[in-house]
Each structure stands twice: as C-alpha cells, then as structure tokens.
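Fold and geometry: a report
Chain by chain, the residues run as shown.
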Amino acid sequence: MPKLLFGQSYFLRFDPKLWEGMQPYPPLGTLYAASYLRAQGYEVALFDAMLSESEAEWAAALDREKPDFAILYEDNFNYLSKMCLSRMREAAFTMTRMAKERDIPVIICGSDATDHYASYLKKGADFVLLGEGEATLSELLARLTGKTETPFEEILGLGFSEEKRRKGEKENSPFHLISPSPFHTTPRRPDLRDLDALPFPAWDLVDVEKYRNVWLARHGYYSMNMVTTRGCPFHCNWCAKPIWGQRYNSRSPENVAAEMKWLKETYYPDHLWFADDILGLKPGWLPRFADAVERENAGIPFKALSRVDLLLREGEVDALRRAGADIIWVGAESGSQKILTAMEKGTKVEEIYEAARRMHRAGVKIAFFLQFGYPGETRADIEKTMQMVRDLMPDDIGMSVSYPLPGTKFFDRVKDQLGDKQNWVDSADLDMMYEGPFTTEFYRHLHTTLHKEYRARKTFAVLKRLARHPAKIRPHHFRQTAAMVYQTLTLPIARRKLKQLEKSPHKGIVLQGEGMSLEESATPTRQN
C-alpha cells in the first residue's frame, strides 16, 4: 500500500511565550487522521513538529521515509493551530516547498488552510481538505491511488487547482465546466457523527518518552491529551469555527473512559488535558462519564474547558470531581455584563461568581480566560473584570485581546479596518489589528499589570495558609515570596504607566457600541 507521511506545521520553538512555558502536546488531530487511514490499509509515518527545531527536520523525514504522499494535517483540536498564527503558516509553506522539490504530492488540512485554501494552493499544495478531513482524505487517496475514478469535483470538502481539475476529470464528465477562477472547491462534507467508531489516535507513532522527559524535567509530572467531542454549538460572535462550524458531535462516556484506561495502562500519564471546546455539554454526560471512570478504575487527574452556565447544572461539579478533574478553564471573558451581552456569550456575570464558588467548595480548581479590547469596552468595563478576578481569585488566569478571524461576525464588521497584518505572529503578539477601544501598547501593558496584581495576591494567599503550617514550607516558597515582593513593589509603577497609556491616541476612529466582537485566546487552551 502507498506510504503516507503525516505532519503538522505548529513548531513550539517558533512561539517564544509557549516555548518558555513548555507544556507540549502531540498533534492529536494528526494522530486521529493517521490511525483512520492506517485502518484502511495505508502505511503511515509521523513527523511531529511540536518539539522539532525547524523545518529542516521535516526535510530529513521526507528523505528518510520516502512517502508517496506528504500530508500536513494540523491538530484541529489545539487552539494553537486554530489561532492561525502567521509564523506557522510560513512553516507550512516552507514544508510544502520541500516536499514538492522531492516530487512528493502535498495534501493539507487545517483551520488556516480551510480559510485561505487559495494561498496554500498557490504555494504548491496539490489539494486542501476543507473542514473535517478524515473522510475526505480517504476518498481523495482512493482516487489518487487508482482505487476509484471519482472526479475531484465529486469529492466533498476539497480544494484544488484548475490544472488538477483538468487532469482528474473523467471523459464526458458532466462537471466539465471551466471556471474563471484558477482554484476550485466542492461543497462541505457532512461531519462524522459516530465518533465511537473511530480508532484511538496512533500514539505508537509518537516519541512518548521524549514528551515524558520534557514534562518531568519542567513540571514534575507527565501530561497527555485526549478529546471527547468535535465542535461547539454556541454562538459567541468572535469565535472562529472553520472546521466544524456550529455543529457538535460527542463520543459516549463509556468510549472515553475506555481510552483513558488504555492510556493509563499503556503510557502511565500522571495527568490529562481534554482539548474539547466544551467537556460534557450534553445533559447527563458528565455523571455517566464519572460512573464509567470509577467503574473501570480509569481515573487520571485532568484539565478541561467548560462554560459557567453548564457548571451550574445539577450534579455537574460533583461529576467532574468524581471523574478526576483537577482544574476547569472557563471563558469568563469579562466582568461587565454589557460586554458579555455584546459578545452574544449567553452567560451572566453572576453565573461566573456562582460557578467559581461551587467549584471551590467541591475542591476543584477553576481558571478564567479573560478577553479585553472588545468594541465598546470602556476603562470602567476593564475595571469590572479586574475586580471580578480580585473577588473570586481563580486558580489561574489567561488574558487575550480581541482577534478577528474569518468566518466571524466580528471579522465581517471590522475587516475594512484591517491592514496587511491580519494574523498574530505568535501567541504573545496581542496586536490590536483593528481600531479597538485602546492602543496595542495599552493592552500589552494591561497584560503585565493584571498578571502582576494577580500573581502577588495569589502568592500572598498561599503564604498566609503556609504560615499556619510551617512544616509544609519548601524551598520554592522562598522564591515565590521574592517574586511576590517584586510584583508588589512594581505594581504601582505598572498602574501609573497603564493610566498614561489609557490617554494615548488611537490610530483612527474608536468604535463604540455593543454590536461587534471577536476572539481566540493567546493563553492556555480556550474556546468558550
């Protein structure tokens, strides 16, 4: 059978902020695609860019594996890929060129490629998979390897050039229609619904020990990634969804628990990250999941994403506790109801407060994603968000600014204000690429100020508890104390600078009102 080399273009090395944080996860979406095609008889290999130094290692993999097809299949479960960072796009273009120099056909799948398929085709890609890719890739490879004679125009979810269309059409094909565009796309393919039927990700292709050693050296534990769902049905009007749109499909709780047990017995992780947009959306899913985990003895401490309104459903928090939840990230976004309403978030500030209280009472950590820079946001709205953090003291926070991506209401409303730069270079960019309420410099310094205050308060609370139990004091607590002193002493200076930047003129008209929006976080793992 033909040999497929799967890869992806997210290099952690090219994202300085996250390279420093060093919490790497293999490309789960890529592993799913590899296992899906291997189940159909193809020989598969993996190039994992996550811990690689540069694209040169991809070139070496091409020479070593000598594949019949090179497939850049991005991890569509990872927000890092969904952010469509320009540095990673450049890497994909370079990797495409390297494969074409070796006369290897290139197939690409991912959020950025779905949004900008023509750009990837112009750079040499032979085909772009639009949206969810496994079934489309299977049908395309069947055509390319001679198993079928299906014209490319009849393969759903595919982007290709006019040259490919001419070469791929059947004689007397009813699709023989010359388009004025040099590039073509077919209608989107319906998403896979029976997710339990998918084989588990091809973890055997991953250098697990390399990841384990990195995690143990930096954090003292080893974390692996899983996913229980595909998609998100909510309507936050800044959230880009190029792969699944508003659709949402879920694995059964029992199937997920079975994979947890398999990972636990095969790879011995200390921790899991559920990379879902939302864990346990369906009513009753989480209690069933907790029951299955307990029944199978599959429990592993985990982090996941949810929504504050879902955490208020009866039995949800207790089910998370029983299943092994260590920390749950929620899209708190703002402490201003005006901003939440404008975002069409569908949540209330009082729900954020109540969810945090319930989680802490149950002994489960809660962390907040915060978004600033939404059109119409005032300095008073920002202060409401900062006060919410002071009041609730979540166990962690992540801050981003509004980031327009194609396919969102926000992008459509501000696209005329965008310049040549329409993507962040890396996740720490925080560039205000449209005419937001304040300048880019203001929001970058807001990030500094917010974290100084939060970290100082958090450390003080920890040290206050330790003062009652001196035997628990460890050497790292002295380092934390020194950091707290520094943060506390420099916080007034940071606040003064923020006040000065608040008055800086913006380059153009400042938008007012509540009808626009956006986002994708530049912090841990975000969606809702």
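What comes next concerns the included structure.

Rules behind the numbers
Residues numbered from 1 in each chain as written. Predicted model: local features only at pLDDT ≥ 70, side-chain atom pairs only at ≥ 80, totals over all residues. Heavy atoms only, no water. 1 Å grid on protein atoms, 1.4 Å probe; cavity = no way out; pocket = protein on both sides within 12 Å on 5 of 7 lines; lining within 4 Å. Points joined across faces, edges and corners; volume = space filled by probe spheres on them. Helix = DSSP H or I, 4+ residues; strand = E, 2+ residues; numbered from the N terminus. Nonpolar A, V, L, I, M, F, W, Y, C, P; charged D, E, K, R; others polar. Axes fitted to C-alpha atoms, helices over the stretch in contact; angles between N-to-C directions. Parallel < 35°, antiparallel > 145°, perpendicular 65-115°, else oblique. Left-handed = near helix turned anticlockwise from the far one by under 90°. Contact = heavy atoms within 4.5 Å. Buried < 20%, exposed > 50% of the residue type's maximum accessible area, 1.4 Å probe, protein only. Arc of directions from axis to C-beta.

Quick look at empty space enclosed by the protein
Tallied over the full model, the rule gives eight cavities of 30 Å³ or more. Its volume calculated, the largest cavity comes out at about 160 Å³. What lines the largest cavity is a set of 17 residues, among which S9, E74, M88, D112 and Y120 lie closest to the centre. Elements with a minimum of two residues in the lining of the largest cavity: α4 (79–82), α5 (86–101) and α6 (111–115). A breakdown of the residues in the lining of the largest cavity according to their chemical character gives 10 nonpolar, four polar and three charged. By volume, the second largest cavity amounts to about 100 Å³.

Some remarks on the packing of helix α3 (residues 56–65) against α5
Describing two packed helices takes the angle between their axes plus the distance from one axis to the other. At their nearest, the axes of α3 and α5 sit 10 Å apart, and the two run at 30 degrees to each other. Classified by the angle between their axes, α3 and α5 sit roughly parallel to one another. Crossing geometry of α3 relative to α5 is assigned as right-handed. Between α3, through A56, W58, A59 and L62, and α5, the contact on the second element is made entirely by M95, M98 and A99.

Let's talk about α3
The set of residues buried in α3 consists of W58, A59, A61 and L62. The buried residues of α3 occupy an angular sector of 160 degrees when the element is viewed end-on, so they sit on one face. Where α3 is buried, its residues meet β1 (3–7), β2 (43–47), β3 (69–73) and α5. Note on α3: the residue one or two positions beyond its end, K66, has a positive phi of about 45 degrees.

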